[in-house]
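Inside the fold
Listed below are the residues making up each chain.
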Amino acid sequence: MAELQEVQITEEKPLLPGQTPETHSVETPYGSVTFTVYGTPKAKRPAILTYHDVGLNCKSCFQPLFQFGDMQEIIQNFVRVHVDAPGMEEGAPVFPLGYQYPSLDQLADMIPCILQYLNFSTIIGVGVGAGAYVLSRYALNHPDTVEGLVLINIDPNAKGWMDWAAHKLTGLTSSIPEMILGHLFSQEELSGNSELIQKYRNIITHAPNLDNIELYWNSYNNRRDLNFGRGGDITLKCPVMLVVGDHAPHEDAVVECNSKLDPTQTSFLKMADSGGQPQLTQPGKLTEAFKYFLQGMGYMASSCMTRLSRSRTASLTSAASIDGNRSRSRTLSQSSESGTLPSGPPGHTMEVSC
């Protein structure tokens, strides 16, 4: 297991022999897709498969999270597959004029080709924005292969007429990079122009594959409604953790999604002071939540939670549900006092503010 202790790629910390990630490309009915594999498969454990948002790739979207120190005790126990949407991988050539970019549904249909190539049978998906939609669509189509989902900033709804009108008007006055930045970050963050915002504005504005990014952006804006319905036939069958930052651009959409999913399977994490991209701004808090999510699935021993016990306390309040199908809603607030943050038992929607 020693060779799996460090799996991140940084220039400052070169990987030891045997730790080098493997990048692969496979052909699918909708074109080629590139993905990077870290680690080796573990017996009776799913792979962690990630899918990034528009304007990002697997590194710019997930590297701060998976390089976070406390994340190492998770990733040493799982093989990881980081998927790049077509044309989003580093060094990707620009698609020719007139290229028909896959829809988000078709991007989801590429995932079975990846798993077949790797001979992986099940996954725990971690997706952001458009990537969260793609993984949700895949889970609806292949429920037996998805053991859990972490969905950050998911909007399961197709754009309505009002959304389309607003999008068209914005397109008249804003560039593609500015529209994508408005999708990724809150207006408060953009106005503050922090070092993080400057970094990602520079990445997107000067991306050599900006034309490809625009195609992915268009596919996201043309997404179909996932048609989730609590108590209906169309729902996610696996445990789900929904994540959104407080005052993030997609806060209302994630709250609505939470209301449509099975409360016995769904946890809702609203993260304070995290802005539009919690995995970038609050990787520590998200790592803690991910550990508890995995613990609830039986993949993390309670002994792995010692640091959390020292650094967090939980106050638990119960409230009546908005609708009769929801037995109760739980809100967890965290402080820096000593204590233990309870993992969520089946049967309740978890509404967590941290």
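Our subject in this report is the structure included herewith. Quick caveat, the model's predicted, so the values are computed rather than measured.

**Some words on the pairing of strand E3 (residues 47-51)**
Among the five residues in E3, five count as buried, and that is most of the element. Of the two faces of E3, the one carrying Ala47, Leu49 and Tyr51 and the one carrying Ile48 and Thr50 are both buried. Bridge count for E3 against strand E5 (residues 123-128) is five bridges, and the pairing is parallel. Residue pairing across strands places Ile48 opposite Ile124, the latter belonging to E5.

**Comments concerning helix H6 (residues 176-184)**
For H6, the buried fraction is high: seven of the nine residues fall into the buried class. Along H6, the residues classified as buried are Ile176, Pro177, Met179, Ile180, Leu181, His183 and Leu184.

**Some thoughts on the environment of Lys42**
With respect to the helices and strands, Lys42 occurs in the loop between strand E2 (31-38) and E3. The class for Lys42 is buried, based on a relative accessible area of 16%. Measuring from C-alpha to C-alpha, the distance between Lys42 and Phe78 comes to 6.3 Å, with 36 residues separating the pair along the chain.

**Topic: the packing of aromatic side chains**
Tallied over the entire structure, the rule returns nine aromatic pairs. Between Phe35 and Tyr117 the ring centres are 5.9 Å apart and the planes differ by 75 degrees, which places this aromatic pair in the edge-to-face class. Of the two residues, Phe35 sits in strand E2 while Tyr117 sits in helix H3 (residues 104-118), which places them 82 residues apart along the sequence. Aromatic pair Trp217 and Tyr220: ring centres 6.3 Å apart, planes at 25 degrees, arrangement stacked. Remark: Tyr220 and Trp217 occur in helix H9 (residues 210-221); sequence separation between them is three residues, near one turn of the helix. Both residues of the pair, Trp217 and Tyr220, count as buried. In this structure an aromatic cluster arises from ring pairing among Phe95, Tyr99, Tyr101 and Tyr216.

**Thoughts on unusual backbone geometry**
Peptide bonds are trans in most cases, and residues, glycine excluded, mostly fall at negative phi. The backbone of Asn193 shows a phi angle near 50 degrees, a positive value even though the residue is not glycine. Tracing the chain through its elements places Asn193 in the loop between helix H7 (187-192) and helix H8 (195-205). Positive phi is not limited to glycine here, since His247 has a value of about 65 degrees. Within the secondary structure, His247 is located in the loop between strand E7 (240-245) and helix H10 (251-260).

**Description of the pattern of salt bridges**
This structure, assessed with the given rule, holds eight salt bridges. For Glu73, the salt bridge is made with Lys291, and the minimal N-O distance between the two is 3.1 Å. Remark: Lys291 occurs in helix H12 (residues 283-296) and Glu73 occurs in helix H2 (residues 72-75); sequence separation between them is 218 residues. Classification of Glu73 as partly exposed rests on a relative accessible area of 23%. The shortest N-O distance in the salt bridge between Arg224 and Asp105 comes to 2.7 Å.

**Points about helix H1 (residues 58-66)**
Every α-helix winds through 3.6 residues per turn, so residues three or four apart in the chain are directed the same way. Among all positions of H1, only Cys58, Ser60, Cys61, Phe62, Leu65 and Phe66 are buried. The N-cap of H1, judged by a side-chain oxygen 3.0 Å from the amide nitrogen of Lys59 a few residues on, is Asn57.

**Some thoughts on the packing of H6 against H9**
Interhelical geometry of H6 versus H9 gives an angle of 50 degrees and a closest axis separation of 11 Å. Accordingly, the angle class assigned to the pair H6 and H9 is oblique. At the point where H6 passes H9, the crossing takes the left-handed sense. Counting all contacts with H6, which are made through Ile176, Pro177, Met179, Ile180 and His183, the residues of H9 involved are Leu210, Ile213, Glu214, Trp217 and Tyr220. Looking at side-chain class alone, the contact of H6 with H9 contains eight nonpolar, one polar and one charged residues.

About the thresholds
Residues numbered from 1 in each chain as written. Predicted model: local features only at pLDDT ≥ 70, side-chain atom pairs only at ≥ 80, totals over all residues. Heavy atoms only, no water. Buried < 20%, exposed > 50% of the residue type's maximum accessible area, 1.4 Å probe, protein only. Helix = DSSP H or I, 4+ residues; strand = E, 2+ residues; numbered from the N terminus. Pairing = 2+ DSSP bridges. Phe/Tyr/Trp six-rings, centres within 6.5 Å; stacked < 30°, edge-to-face > 60°. Salt bridge = Lys/Arg side-chain N within 4 Å of Asp/Glu carboxyl O. Polar contact = N/O pair within 3.5 Å; in protein donor to acceptor, adjacent residues only side chain to side chain. Axes fitted to C-alpha atoms, helices over the stretch in contact; angles between N-to-C directions. Parallel < 35°, antiparallel > 145°, perpendicular 65-115°, else oblique. Left-handed = near helix turned anticlockwise from the far one by under 90°. Contact = heavy atoms within 4.5 Å. Nonpolar A, V, L, I, M, F, W, Y, C, P; charged D, E, K, R; others polar.

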